[in-house]
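# A closer look at the structure
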Amino acid sequence: MLSRIAYGGEDTARLAIDELGDLVCALGFVVGEATAATVPFLLELAGAPYVPCKAELLDLLESICRTEQWHSAAAAVRGPKSTSFQEQPGWEKAARAAVCAGRPVVEGIASSVRPEEAQAARKLLWVMENPRPFPEL
């Protein structure tokens, strides 16, 4: 999928971003175990000059940065140790940290001459600067 984003045409890249989004941030708010490991590749693609659909990549990164579903579910049942939600809150923390580590890339895109890319980057920067705290476990 990463190759299709990098080297495919705009339609191919858009479909690959949708497929990858379903795997690493299901429904736009549920991260998986591999999400944090995928984020650096998404950031690299977003920063590459030849990649189409940068706004969509930034939107996916924003969704990843906003996730708190596992924390909320664990908090609702009084902490991860009393449920099967023992690893998942860590996935969210790691994914958010991975997105925030890419701040320099996103800052570079925020000054893009393409308004859709610049707007998506500024929106992601705002989310990075104003993170919602994870629910207490």
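These numbers come from a predicted model, not from an experiment.

## Structural notes on the nonpolar core
In terms of nonpolar packing, the biggest core is built from 40 residues, with Leu58 and Ile64 touching the most fellow members. Put simply, the parts of the chain that give this core at least two residues each are α1 (2–7), α2 (10–24), β2 (30–31), α3 (35–47), α4 (54–66), α6 (88–101), α7 (103–109) and α8 (115–129). With seven residues, α4 is the single largest residue contributor to this core. Among all residues touching Leu58, those that are not within four sequence positions of it are Ala46, Val106, Ile109, Glu117, Ala120, Ala121 and Leu124.

## Re α8
Between its first and last C-alpha atoms α8 spans 21 Å; for 15 residues at 1.5 Å apiece the expected length is 21 Å, and the two agree. All of the buried residues along α8 are Glu117, Ala118, Ala120, Ala121, Leu124, Leu125, Val127 and Met128. Here the buried face of α8 lies against α4, α6 and α7.

## A closer look at the packing of α3 against α6
For any two helices packed against each other, one specifies the crossing angle of their axes together with the interaxial distance. Contact pair α3 / α6: the axes reach a minimum separation of 8 Å and the direction vectors enclose 15 degrees. Put simply, α3 runs roughly parallel to α6. Crossing hand, α3 versus α6: right-handed. From α3, Thr35, Ala36, Val39 and Leu43 reach across to α6, where they touch Ala94, Ala95, Ala98 and Val99. Residue composition of the contact of α3 with α6, by class: seven nonpolar, one polar and no charged.

## Remarks on the packing of aromatic side chains
Scanning the model with the defined rule gives two aromatic pairs in all. On the basis of an interplanar angle of 5 degrees and a centroid distance of 6.3 Å, the ring pair of Tyr7 and Tyr50 is categorised as stacked. Taken together, the residues Tyr7 in helix α1 and Tyr50 in the loop between α3 and α4 connect sequence positions 43 residues apart. Side by side, Tyr7 and Tyr50 carry an identical accessibility label, which is exposed. Ring plane angle 90 degrees and centroid distance 6.4 Å describe the contact between Trp70 and Trp91, whose orientation is recorded as edge-to-face. You can see Trp70 sitting in helix α5 (residues 69–76) and its partner Trp91 sitting in helix α6, a full 21 residues away along the chain. Taking NZ or CZ as reference, Arg96 lies 3.9 Å from the ring centre of Phe134, over its face.

## Describing the pattern of salt bridges
What the rule picks out here adds up to nine salt bridges. A salt bridge links Arg4 to Glu19; the nearest nitrogen and oxygen atoms lie 2.7 Å apart. Here Arg4 is found in helix α1, whereas its partner Glu19 is found in helix α2, with 15 residues between them in sequence. Judged by relative accessible area, which is 32%, Arg4 ranks as partly exposed. Given a relative accessible area of 36%, Glu19 falls into the partly exposed group. With its nearest N and O atoms 2.6 Å apart, the salt bridge here joins Glu129 to Arg103. In this pair, Glu129 sits in helix α8 while Arg103 sits in helix α7, placing the two residues 26 residues apart along the sequence. Glu129 sits in the partly exposed class, given a relative accessible area of 48%. Residue classification places Arg103 among the partly exposed residues on the basis of a relative accessible area of 25%. Residues participating in the shared-partner salt-bridge network are Glu10, Arg14 and Glu56.

Here is what the cut-offs are and how they apply
Residues numbered from 1 in each chain as written. Predicted model: local features only at pLDDT ≥ 70, side-chain atom pairs only at ≥ 80, totals over all residues. Heavy atoms only, no water. Core = buried A, V, L, I, M, F, W, Y, C linked by side-chain atoms within 4.5 Å. Buried < 20%, exposed > 50% of the residue type's maximum accessible area, 1.4 Å probe, protein only. Helix = DSSP H or I, 4+ residues; strand = E, 2+ residues; numbered from the N terminus. Contact = heavy atoms within 4.5 Å. Expected span 1.5 Å × (residues − 1). Axes fitted to C-alpha atoms, helices over the stretch in contact; angles between N-to-C directions. Parallel < 35°, antiparallel > 145°, perpendicular 65-115°, else oblique. Left-handed = near helix turned anticlockwise from the far one by under 90°. Nonpolar A, V, L, I, M, F, W, Y, C, P; charged D, E, K, R; others polar. Phe/Tyr/Trp six-rings, centres within 6.5 Å; stacked < 30°, edge-to-face > 60°. Lys NZ or Arg CZ within 6 Å of the ring centre and 35° of its normal. Salt bridge = Lys/Arg side-chain N within 4 Å of Asp/Glu carboxyl O.

In short, the description is geometric, and any link to function would need to be established separately.
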